[in-house]
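# Observations on chain architecture
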Amino acid sequence: MLTPEEIETYRQAGKIAAEIRERVRNIIKPGLKLLELAEAVENMTFEKGAKPAFPCNVSVNDIAAHYSPPVNDTTIIKEKDLVKLDLGVHIRGCIADTAVSVGVDNSHQALIKAAEDALEAAIKIIKPNIPTNRIGEAIETTIKKFGFSPIGDLTGHAMARYNLHSGITIPNVKTPFGDLLKVGDVIAIEPFATNSVGKIVENNYAYIYSFLRERPVRLQESKKILQVIKEKYGALPFAERWLTKEVQGTKLRIALKLLLNSGVIRAYPILREKNRGLVSQAEHTVIITETGCEVITR
Ligand code: MN
Ligand code: MN
């Protein structure tokens, strides 16, 4: 259960996340660097007195998720790009996770609406004791009505304080079984729609990491950044570019690689649609109430 203070904190985090999402979606245009977008989101978060719950994701076209621009990324938005802006805000560990899809030059409107309508269909039926597979069914049905495919390999998730993925998942397709939601659960619902098969493959690259467990590491730079990671981010995801004050360039790359190989941190590889179909996403964070749910990221 959540305390009244926690509920209020979630609402604050949600309000900030929604404000940032709406402001930044409107500046997405050809020629803009993905890195500028991500940094704008993260800087605004700090300016509003909150913290990023994870590095801002700016995943374009067939990239479904987990693309957070790396250090010195020069990738720019192009005409007709389908941009997914996925951001997280936390206040004292209470996380709001939200995403929007933007079709540059008003492109891809049907695909974007499929994900948005699926999200609304899910929100409409959420209430205590609903099994999560019924939510998946509502999402799948809505997306298929548009003639698109839901991405079953990706799911929504329950959240707890300082914990972005705390157990229960919310499927984007009808599954045989489901968990029951209960009052006070904090849930991120995130339908993904595609004009292709709806399967996901992992890229070789990862620009997002999180702390996993303590293990001895010898390299001085690894020790140094590990200290910072634990202090600043705990188990929440972080980006390499968030550590450039501590260690720079190749040394930072190597220090992270060593932590990864030692099992101290884990990586979140970039996820793309298997057949390089276009992918849209919509996401809100909700709190389950006695009668339904409260959307905190409207
Ligand atoms: Mn998200
Ligand atoms: Mn999420």
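Rules of the game
Residues numbered from 1 in each chain as written. Chains lettered and ligands numbered in written order. Predicted model: local features only at pLDDT ≥ 70, side-chain atom pairs only at ≥ 80, totals over all residues. Heavy atoms only, no water. Donors = N, O, S within 2.8 Å, 3.2 Å for Na, K, Ca; no water. Helix = DSSP H or I, 4+ residues; strand = E, 2+ residues; numbered from the N terminus. Buried < 20%, exposed > 50% of the residue type's maximum accessible area, 1.4 Å probe, protein only. Pairing = 2+ DSSP bridges. Domains from an automatic or database assignment. Contact = heavy atoms within 4.5 Å. Buried area = accessible area lost by both parts, 1.4 Å probe. Salt bridge = Lys/Arg side-chain N within 4 Å of Asp/Glu carboxyl O. Polar contact = N/O pair within 3.5 Å; in protein donor to acceptor, adjacent residues only side chain to side chain. Nonpolar A, V, L, I, M, F, W, Y, C, P; charged D, E, K, R; others polar.

### Regarding the coordination of the manganese ion (ligand 1)
Coordination angles at a metal have ideal targets, namely 109.5 degrees for four tetrahedral donors and 90 or 180 degrees for six octahedral donors. Here the manganese ion (ligand 1) is held by Asp86 (OD), Asp86 (OD), Asp97 (OD) and Glu283 (OE), and the distances to it run 2.1 to 2.4 Å. In the primary sequence, the donor residues of the manganese ion (ligand 1) line up as D-x10-D-x185-E. In this structure the manganese ion (ligand 2) is found 3.1 Å away from the manganese ion (ligand 1), and aspartate 97 serves as a bridging donor for the pair. Taken together, the residues aspartate 97 in strand 4 (residues 94-103) and glutamate 283 in the loop between strand 13 (279-281) and strand 14 (284-288) connect sequence positions 186 residues apart. The residues aspartate 97 and glutamate 283 share a single accessibility class, namely buried.

### A short note on the sheet that holds strand 10 (residues 200-211)
The strand order 2-12-10-11 describes an open sheet built from four strands, whose pairing is antiparallel. Strand pairing shows two members of the sheet lacking a second neighbour, strand 2 (63-65) and strand 11 (238-239), which therefore form its edges. Two elements, strand 2 and strand 12 (residues 265-273), share two bridges in a ladder whose sense is antiparallel. Of the residues in strand 12, the one forming a bridge with alanine 65 is leucine 271.

### Examining the pairing of strand 4
Among the 10 residues in strand 4, 10 count as buried, and that is most of the element. Burial of strand 4 is two-sided: the residues Cys94, Ala96, Thr98, Val100 and Val102 facing one way and the residues Ile95, Asp97, Ala99, Ser101 and Gly103 facing the other way are all buried. Pairing of strand 3 (residues 82-91) with strand 4 involves 10 bridges; the strand directions are antiparallel. Bridged to isoleucine 91 within strand 4 is cysteine 94. The hairpin formed by strand 3 and strand 4 contains two residues between the paired strands, and arginine 92 there has a positive phi angle of roughly 45°.

### Brief notes about the pairing of strand 8 (residues 186-189)
Neither face of strand 8 is open: one carries Val186 and Ala188, the other Ile187 and Ile189, and all of them are buried. Bridging between strand 6 (residues 156-159) and strand 8 involves three bridges; their strand directions are antiparallel. In the sheet register, alanine 158 faces strand 8, and the bridge partner there is isoleucine 187.

### Looking at the domain arrangement of the chain
Segmenting the chain into domains produces domain 1 (4-201 + 272-295) and domain 2 (205-271). The C-alpha centroid of domain 2 is placed 25 Å from the C-alpha centroid of domain 1. Contact residues are listed per partner, giving 29 residues for domain 1 and 14 residues for domain 2. Each partner contributes to the roughly 1600 Å² buried at the junction of domain 1 and domain 2, and carbon and sulfur atoms together form 70% of this total. The largest share of the area that domain 1 buries against domain 2 comes from Pro55, His66 and Val71, three residues that together contribute 35% of it. At the junction of domain 1 with domain 2, the criterion picks out one salt bridge. Arginine 241 serves as the salt-bridge partner of glutamate 42, at 2.8 Å between the closest nitrogen and oxygen. At the boundary of domain 1 and domain 2, one finds seven residue pairs in polar contact (both at pLDDT 80 or more). The biggest single contributor to the side of domain 1 that touches domain 2 is strand 1 (residues 51-60), with six residues. Its residues assigned to classes, the side of domain 1 that touches domain 2 shows 20 nonpolar, five polar and four charged.

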